[in-house]
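Here is how the chains run, residue by residue.
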Amino acid sequence: MFEQPLWHGFLERLRARTGATYVSLAFRPIDEERIVELYSGPPMSRQMGRLFDEKYVRDPLPYRQMREGRIYTMEELLNTADAFQQAYRDEFLKGIGVTNMRLMRVSEPSGIDAWLSCAGGREIGSAVSALLTALASHLRIALRTFVAFEREKFRSSVTSEAFGRLNFGWLTLDAQCRIIDMTPNLEQIFQRSSVLRRGRYDRLMPASPAIDRELSTLVKSFAADAEGKPRAINLSRDPLIDMLIRPVQDRSLSAQSLPVAIAYISGDRWSQADRCDQLVDLFGLLPSEARFAWAIAQGMTIAEAAEDLGLTVETARNYSKKIYAKTGSRGQAELVRNILTSVLALA
């Protein structure tokens, strides 16, 4: 499943073993038109390729009607009463040197049909049929593994995209704080912010020496105790970047370095000033109102926001009434919801 092109070595060996000119493995999901075709053999001439594209477009053999696990010859698949199929054999197949063929259909339980064929100009007889029959069970296993692997790749891709949109990611660390694995979007967080970076020998390096020491001590403690207590660390207030470190309890997977800790990192790509400008654009707030609204959205009470911004509580209450009216909010909880679920969340 890691070979490129897929199963190329297998197809090359099968071609050498059978003496076939061409060996192919084609598969597609049930009820879908897209097809993956793997091939071993000499390249098709430009003339024959043009003939196929212009006249036939698709292989007319009745592949879907083949019984699973049974070996077919070309004569069994071609309908002698069908002029189009006969022309396909006489013009195209003979044109590329195919006069004999053994072909097998294999179905995999997750919904994949595959066709393995050996074709050429020499006799392809019962020994090839026996070999294909013996390969059927192994081909089913290979396809099942391939499908599971592709499904996990798709899930991983979707999850990584979601993490990226949420500005959230994870990385695993060994006992020396070296990065073993991480979600792709964390590279963007490293590039966007100076508070965290990938250092020499892939070591995770907080910009703050105090946080660096705290992280190193914590990771070493997790290496000694897989039941250690997780700890949250604030890396930056503006823009907000937080990190939660916890021990890796399942250390059964073999790796070049043993992961002992996993760090979950969440960050805002925009500064507080940027967010306030966006609130001005989105809701028509005054800059002073936007600063107050953003403070409220970060979980402060009206009194706390007033103190933080140097306002009297009475002025802050007047701000809140104007902000509620402009944002269509009926109170502080709804204001927070309106801000955090607006298009700012996508920014």
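Criteria and cut-off values
Residues numbered from 1 in each chain as written. Predicted model: local features only at pLDDT ≥ 70, side-chain atom pairs only at ≥ 80, totals over all residues. Heavy atoms only, no water. Helix = DSSP H or I, 4+ residues; strand = E, 2+ residues; numbered from the N terminus. Rg over C-alpha atoms; globule rule 2.2 N^0.38 Å. Buried < 20%, exposed > 50% of the residue type's maximum accessible area, 1.4 Å probe, protein only. Contact = heavy atoms within 4.5 Å. Areas by Shrake-Rupley, 256 points an atom, 1.4 Å probe, with all protein chains shown as cover. Polar contact = N/O pair within 3.5 Å; in protein donor to acceptor, adjacent residues only side chain to side chain. Salt bridge = Lys/Arg side-chain N within 4 Å of Asp/Glu carboxyl O.

A. Quick look at the overall build of the protein chain. Scanning the protein chain from terminus to terminus reveals 12 helices and 12 strands. Here the C-alpha atoms of the protein chain give a radius of gyration of 32 Å, more than 25% beyond the 20 Å that 2.2 N^0.38 yields for 347 residues. Dimensions of the protein chain along its principal axes, counting C-alpha atoms only, are 95 × 50 × 35 Å. In the protein chain, buried positions account for 42% of the 347 residues. For the protein chain, long-range pairs separated by at least 24 residues make up 54% of all intrachain contacts whose partners lie at least 6 apart in sequence. Accessible surface for the protein chain amounts to roughly 19,600 Å². Of this, 53% is attributable to carbon and sulfur atoms.

B. Seen up close, the side chain of Q85. Checked against the element boundaries, Q85 lands in helix α4 (residues 83-93). Of note is the side chain of Q85, whose polar atom sits 2.9 Å from the backbone nitrogen of N79. In this structure Q85 touches P60, L77, L78 and N79, once residues within four positions along its chain are discounted.

C. View of the pattern of salt bridges. Using the criterion set out here, one finds 18 salt bridges in the structure. E152 is the salt-bridge partner of R155, the closest N and O atoms lying 2.9 Å from each other. One end of the pair is R155 and the other is E152, both in helix α5 (residues 126-165) and 3 residues apart, which spans about a single turn. Exposure remark for R155: the relative accessible area of 46% places this residue in the partly exposed category. Judged by relative accessible area, which is 44%, E152 ranks as partly exposed. A salt bridge links E289 to K326, with the nearest nitrogen and oxygen atoms 2.8 Å apart. One end of the pair, E289, is in helix α9 (residues 287-297); the other, K326, is in helix α11 (residues 313-327), with 37 residues separating them in the sequence.

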